Amino acid sequence: YITTACATLRIFSRVFGPLVAETLLRSARISSPGIDFAREEREQRCAACHQRFRDVALTLAELRRAPGRVGAAVKDTLAELGGWLGELEASGAAAPGGAGRGVGV
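Residues numbered from 1 in each chain as written. Predicted model: local features only at pLDDT ≥ 70, side-chain atom pairs only at ≥ 80, totals over all residues. Heavy atoms only, no water.

### Observations concerning helix α3 (residues 68–91)
We count it as follows: A run of H or I in DSSP becomes a helix once it reaches four residues, and a run of E becomes a strand once it reaches two; helices and strands are each numbered from the N terminus. Any helix carries an expected span of 1.5 Å times its number of residues minus one. Axes are fitted to the seven residues ending at a residue and to the seven starting at it; the angle between these axes is taken as the bend at that residue. The rule is simple: take the accessible area with a 1.4 Å probe, protein chains only, and divide by the maximum for that residue type; under 20% is buried, over 50% is exposed, in between is partly exposed. The contact criterion used is simple: two residues touch if any of their non-hydrogen atoms lie within 4.5 Å.
The terminal C-alpha atoms of α3 lie 35 Å apart, and with 24 residues this matches the ideal 34 Å at 1.5 Å per residue to within 8%. Its maximal kink placed at G82, α3 deviates by approximately 40°. When we look at burial in α3, the residues that qualify are G71, A73, V74, T77, L78, L81, W84, L85 and L88. Looking at the packing, one finds that the buried side of α3 touches α1 (2–29) and α2 (37–61). Two residues or fewer after α3 comes G92, characterised by a positive phi angle close to 80°.

Right under this line is the structure:
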């Protein structure tokens, strides 16, 4: 089950990771006047997705040393997640007060 879950997470990360990262990074850079409810809702959804991916990555980190196929699947998944999650963390876009308000650990 873990290897299947990891494969699914890698697919989700490839498909949604760039969208989440781009939305949060753009939001951190752009400050527009007025109210844009659609943008705010999109940012909130992306911040929630980002937090869930981070939660999963923390859980998987505990399985990193598992032997065999499980360990390999976990390491591959963490590497996949680490790319765009690390970019967001380094930029500060996911930090509280940034686009990912309240998302920080």
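### Some words on the packing of aromatic side chains
Rule in force here: Whether two aromatic rings pair depends on their centres lying within 6.5 Å, for rings of Phe, Tyr and Trp, where Trp uses its six-membered ring; planes under 30 degrees apart make the pair stacked, over 60 edge-to-face, and the rest tilted.
The full count for this structure, using the stated rule, is two aromatic pairs. Taking the centre distance of 6.2 Å and the plane angle of 55° together, the rings of F12 and F16 count as tilted. Here the residue F12 and the residue F16 both occupy positions in helix α1, the gap between them amounting to four residues, near one helical turn. According to the relative accessible area criterion, F16 is partly exposed, its value standing at 40%. Residues F53 and W84 carry aromatic rings whose centres are separated by 5.1 Å and whose planes lie at 90° to one another, so their mutual orientation is edge-to-face. In this pair, F53 is assigned in helix α2 and W84 in helix α3, connecting sequence segments 31 residues apart. By relative accessible area, W84 is classed as buried at 8%.

Spatial relationships are all this shows, so hold off on functional conclusions.
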